Amino acid sequence: MEEQALFAPPAAAPQGPSAPPASMFDSMPGYEGTVAGGGGGFLPPPMPAFPVPQPEPGPAQPSWNIPSISEDTARAAFVLFASSKCCYNSGPAKDGVITRMDAFNTYRYRLETFTESRSTEWSHEPYRGQPVDAFAQPPPGPWDVHAKAPTFFVDDQQIMKVPYTSSTKPCHVCVGMGRRPCKDCAGAGNKVCWVCNGSGFRHGEDRCHHCSGRGRENCNRCQGKGSMQCETCHGQQQLLLYINLTVKWTNNSENYVVEQSSGLQAENLSKVSGKELFRDTQYLVYPLVGFPDPTVVNAAQRLVHDHQGKYSRTSRILQQRQTIELIPVTKVTYSWKGKSHIYFVYGNEFTVNADDYPATCCCTVM
């Protein structure tokens, strides 16, 4: 009597929960709103125990004007600009006659508010004998955990375990077994033979040599065991649960550039630097006073008020800095072959903008 092929209909692979259930987490005083994965949101800082220092008036205001560039400087910048363009003839830059130079003082005010924010979330990892300290004593509050000293005005982040929140629990994915049913064979340990498609025979009465007529073959993924090591607990059966604290330092920067009537587009000025005329760094800066341009004064007062109100609600302000740069913009009018043209020289880099350069060729890049 011939041996019959073996058939075992695969069961559906059980799906474990992707995140630990809320019941796994202990209730920690001061961290009641903390959840897994999604974080507990940014935690507002506590009221200061001591009066915060009040802002003081900034340093004495310097002279706000700088000399305009010379004709030689304007021409040298124009020649360098033309030579950097493969399709520009250098004639206008070298031989054009400068007929007029108009200087425009363009101010850029910048306010930087350096803040520290803190957020928490439950995390877990395989338990391999790490210290377990939950309920040994109350955990420190989120704003009482010591963090490293940050570098002012530089974005950074530090993640650390909150002391006295670590505990062990059976793995929620494998229910403390350390192994899970194999996904490839749904826990059966074998699969339909790919050579005979489960019939046990190949041609007529010829028994399949690949599966020896069984119709099924051992699963290569689990080596026929039907289960795999749990990817969550790595076979340890238990997880270490703890609260992670994320400390984030952010430099919140905002600029205000005075509109200038030179004709140069404002977006060009974001790519250059200017001469720093004023710098004031304090815990909280004092709104700008005494500046000759009232639009800068108004913008500074608005930004200082907005920053101190907005960022103090969800974070702790550590330092503020306000600066004023004067970005030199020179409009140069020149004559070449009897026609008048203009170009701009701007920034400390002497960057040139010449949209109507009169001697270009129509070369193309293949």
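All chains use their own residue numbering, which begins from 1 and follows the written sequence. Confidence filtering applies because this is a predicted model: local features only for residues at pLDDT of at least 70, side-chain atom pairs given and counted only at 80 or more, and all residues used for totals across whole chains, interfaces and linings. To get the side-chain values, all heavy atoms of the structure are used, and hydrogens and water are removed first.

- As recorded in an unreviewed UniProt entry, the protein goes by Protein SSUH2 homolog isoform X2 and comes from Notothenia coriiceps.

## Some thoughts on the overall build of the protein
- What the protein contains, in helices and strands, is 3 helices and 12 strands.
- With 366 residues in all, the protein has 42% of them scored as buried.
- Working rule for contacts: check all heavy atoms of both residues, and any pair within 4.5 Å makes them a contact. Looking at the protein alone, contacts between residues at least 24 apart form 82% of all its contacts between residues at least 6 apart.
- Every accessible area reported is derived by Shrake-Rupley at a probe size of 1.4 Å, with residue values counting cover from the shown protein chains alone. Of the roughly 20700 Å² of accessible surface on the protein, a fraction of 52% belongs to carbon and sulfur atoms. Elements are defined by DSSP. Helices are runs of H or I of four residues or more, strands are runs of E of two residues or more, and each kind is numbered from the N terminus. We call a residue buried when its accessible area falls under 20% of the maximum for its residue type, exposed when it is over 50%, and partly exposed in between, using a 1.4 Å probe and counting protein chains only.

## Thoughts on helix 1 (residues 71-83)
- Here helix 1 contains 13 residues, and its C-alpha end-to-end distance of 18 Å stays within 8% of the 18 Å for a straight helix at 1.5 Å per residue.
- Among all positions in helix 1, only A74, A77, F78, F81 and A82 are buried. One side of helix 1 holds all its buried residues, which, seen down the axis, span an arc of 135°. Of the exposed residues in helix 1, the ones pointing more than 90 degrees away from its buried face are D72, L80 and S83. To estimate how far a helix should reach, multiply one less than its number of residues by 1.5 Å. The directions considered for the arc run from the helix axis to the C-beta atoms.

## A short note on the pattern of salt bridges
- The rule for a salt bridge is simple: a side-chain nitrogen of Lys or Arg has to be within 4 Å of a carboxyl oxygen of Asp or Glu. Under the criterion given, the structure shown has 9 salt bridges.
- Here R108 makes a salt bridge to E325, at a shortest N to O gap of 2.9 Å. Taken as a pair, R108 in strand 1 (residues 97-126) and E325 in strand 10 (residues 316-336) lie far apart in primary sequence, 217 residues in all.
- What makes R108 buried here is its relative accessible area of 5%.

## Quick look at the side chain of Q319
- Tracing the backbone through its elements, the reader meets Q319 in strand 10.
- The residues touching Q319, leaving out its near neighbours within four places in the chain, are E112, T113, F114, F152, F153, T281, Q282 and Y283.

## Here we look at the side chain of R118
- The residue R118 is located in strand 1 in this model.
- On the accessibility criterion, R118 (5% relative accessible area) is buried.
- We define a polar contact as two N or O atoms separated by no more than 3.5 Å, with the added condition that, inside protein, one atom must be a possible hydrogen donor and the other a possible acceptor, whereas residues neighbouring each other in sequence contribute only through side-chain atom pairs. Polar side-chain contacts of R118 include one of 2.8 Å to the side chain of E116.

## A look at unusual backbone geometry
- At Y164, a position not held by glycine, the phi torsion is positive, near 65°.
- Assignment of secondary structure puts Y164 in the loop between strand 2 (156-161) and strand 3 (167-170).
- In this structure Y164 comes out as partly exposed when scored by relative accessible area, which is 25%.
- You will see that V175, though not glycine, has its phi angle at about 55°, which is positive.
- For V175, the location among the structural elements is in the loop between strand 3 and strand 4 (179-181).

## Some points on helix 3 (residues 294-314)
- Compared with the 30 Å implied by 1.5 Å per residue over 21 residues, the 31 Å span of helix 3 between its first and last C-alpha is a close match.
- For helix 3, the set of buried residues is V296, V297, A299, A300, L303, V304, H307 and Y311. End-on, the buried residues of helix 3 take up no more than an arc of 160°, which puts them together on one face. The exposed residues of helix 3 that point more than 90 degrees off its buried face are P294, H305 and R313.
- Structurally, helix 3 contributes buried residues whose contacts are with strand 1, strand 8 (238-257) and strand 10.

## Focus: the environment of H146
- For H146, the position within the fold is in the loop between strand 1 and strand 2.
- Residue H146 is classed as exposed on the basis of its relative accessible area, which comes to 70%.
- Sequence spacing of H146 and V162 is 16 residues, and the spatial spacing of their C-alpha atoms is 9.8 Å.

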